[in-house]
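# Commentary on secondary and tertiary structure
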Amino acid sequence: MTPAQIERTPFADLDGQPSEMTAMLLAALDEMGRHPEILRVRQTAVRALRPEAGQRLLDAGSGAGDVSRWLAAEMGPTGEVLAVDSSSATIAVARQRHDGSNVDYRTGDVCALDLAADSFDGVWCERVLQHVDDAERGISELVRITRPGGRICLIDTDWGSLAFDGVPPGLARQVMELMHGRLTPKQYDMGRTLRRRLVARGLTQVTATPVTCLFATPASAAVVLPMINPLVGQDAWMAPPGVRDEWFSHVDAAGARGDFLAVLTIWVVAGSVGQ
Ligand SMILES: C[S@@+](CC[C@H](N)C(=O)[O-])C[C@H]1O[C@@H](n2cnc3c(N)ncnc32)[C@H](O)[C@@H]1O
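Residues numbered from 1 in each chain as written. Predicted model: local features only at pLDDT ≥ 70, side-chain atom pairs only at ≥ 80, totals over all residues. Heavy atoms only, no water.

## Here we look at the overall build of the chain
A count of helices and strands for the chain gives ten helices and seven strands. Taken over C-alpha atoms, the radius of gyration comes to 19 Å for the chain, in line with the 19 Å a tight globule of 275 residues would show. Along the first, second and third principal axes, the C-alpha set of the chain runs to 55 × 40 × 35 Å. Relative to its 275 residues, the chain shows a buried fraction of 51%. Contacts in the chain between residues far apart in sequence, at least 24 positions, make up 77% of those at least 6 positions apart. Of the roughly 12100 Å² of accessible surface on the chain, a fraction of 52% belongs to carbon and sulfur atoms. Separation of charge centres in the chain, based on 26 positive and 34 negative side chains, amounts to 5 Å. (Helix = DSSP H or I, 4+ residues; strand = E, 2+ residues; numbered from the N terminus. Rg over C-alpha atoms; globule rule 2.2 N^0.38 Å. Buried < 20%, exposed > 50% of the residue type's maximum accessible area, 1.4 Å probe, protein only. Contact = heavy atoms within 4.5 Å. Areas by Shrake-Rupley, 256 points an atom, 1.4 Å probe, with all protein chains shown as cover. Lys, Arg positive; Asp, Glu negative; His and termini not counted. Charge placed at Lys NZ, Arg CZ, Asp CG, Glu CD.)

This is the structure in structure tokens:
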């Protein structure tokens, strides 16, 4: 499949969505950022990135900049973070939330960064590459702007790992198939490919940690999984009549019995740029 044939998710073009949809997606990102499983992924990632006091980091695809501000705080008063996101609406929200930490905000495309070579000590890129047309180009850019010896940390979902229990398996498979390439990215396996991509570029000290997130209630799963989120309506599902209702009747029943389960692996992959 060529990059042009890959269908785009709403996160690939937040500015192209109706404004209510952009607001809903940004609120969803906020909720994800508070979810204990996503916080566990981020703790794994910060250990892999190893930021140090006084460093300059890039948060590529920064969303509303909450992680950028957290990373700046991790590095103390002399550290700085540049938060870059392709969506100007998102960067506007990030600027509104600015809290005086050493973070600068800019719109930009991870695949064509207007930044000098070797100008950062490290890069954080969380759940972005699954949404871009050409992840290899994005990674080339991240390597280019990182100084020799600097570290790159990529965090991405492996949607192919998504599994359910407590609901009929055939229906779960049908739902995952329906979502594939629309509400979940076509590049469903991005997370598991990251290690190979960094190894192929000659990065050293590559670490790859699969963090399997457990969602033991529908409410917990709904924060991260679009097919469990009741706010994602029939229009967005584009499913044959009845499928969404049948699915939710099983999800709700499993929730009421207490035996609903969903698991999704998010990969944290980091490496050092060659000296
Ligand atoms: C799922 S969100 C993740 C945001 C943030 N990293 C987080 O983990 O909360 C994906 C973000 O990547 C941004 N994005 C998508 N394509 C991009 C690109 N080519 N360059 C820069 N940012 C991009 C979107 O606008 C969105 O804010």
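## Thoughts on the confidence of the model for the chain
Averaged over the chain, the pLDDT score is 94; the fraction of residues at 70 or greater is 97%. Counting interchain partners and residues more than four positions distant, the pLDDT-below-50 stretch residues 1-6 has six contacts. (pLDDT = per-residue confidence, 0-100.)

## Remarks on the environment of Gly242
Note that Gly242 resides in the loop between α9 (234-237) and α10 (243-257). We classify Gly242 as partly exposed; its relative accessible area is 38%. In this structure the C-alpha to C-alpha distance between Gly242 and Phe260, which are 18 residues apart in sequence, comes to 21 Å.

## Considering the packing of aromatic side chains
The description of two aromatic rings rests on the distance between their centres and on the angle between their planes. This structure, assessed with the given rule, holds four aromatic pairs. Relative to Trp247, the ring of Phe164 has its centre 5.3 Å away and its plane inclined at 85 degrees; by these criteria the two rings are edge-to-face. Of this pair, Phe164 sits in strand β5 (residues 146-165) while Trp247 sits in helix α10; the two residues are 83 residues apart in sequence, bridging distant segments of the chain. The class for Trp247 is buried, based on a relative accessible area of 0%. Ring geometry for Trp237 and Phe248: centres 6.1 Å apart, planes at 50 degrees, overall tilted. Separated by eleven residues along the polypeptide, Trp237 in helix α9 and Phe248 in helix α10 bring together distant segments of the chain. The same class applies to Trp237 and to Phe248, which are both buried. (Phe/Tyr/Trp six-rings, centres within 6.5 Å; stacked < 30°, edge-to-face > 60°.)

## Here we look at the pairing of strand β2 (residues 80-85)
The element β2 is largely enclosed, with a buried count of five among its six residues. As a crossover connection, the stretch from strand β1 (residues 56-60) through helix α3 (residues 66-74) into β2 is right-handed. By the bridge criterion, five bridges tie β2 to strand β3 (residues 103-107) in an arrangement that is parallel. Counterpart to Ala83 in the pairing with β3 is Tyr105. (Right-handed = clockwise from strand over helix to strand, strands pointing away. Pairing = 2+ DSSP bridges.)

## Concerning the packing of helix α1 (residues 19-34) against helix α2 (residues 36-49)
Between two packed helices, the angle of one axis relative to the other and the distance separating the axes together describe the packing. Contact geometry of α1 with α2 gives a least axis separation of 5 Å together with a crossing angle of 70 degrees. Accordingly, the angle class assigned to the pair α1 and α2 is roughly perpendicular. The residues of α2 that touch α1, namely those facing Met32, Gly33 and Arg34, are Pro36, Ile38, Leu39 and Arg42. (Axes fitted to C-alpha atoms, helices over the stretch in contact; angles between N-to-C directions. Parallel < 35°, antiparallel > 145°, perpendicular 65-115°, else oblique.)

## Looking at the packing of helix α5 (residues 135-145) against helix α7 (residues 190-200)
Between α5 and α7, the shortest axis-to-axis distance is 12 Å and the interhelical angle comes to 50 degrees. On the basis of their axis angle, the class for α5 and α7 is oblique. As for the relative orientation of α5 and α7, their crossing is right-handed in sense. Each of Ala135, Glu136 and Ile139 in α5 lies in contact with α7, whose residues at this interface are Met190, Arg197 and Leu198. Of the residues contributing to the contact of α5 with α7, the split by class is four nonpolar, no polar and two charged. (Left-handed = near helix turned anticlockwise from the far one by under 90°. Nonpolar A, V, L, I, M, F, W, Y, C, P; charged D, E, K, R; others polar.)

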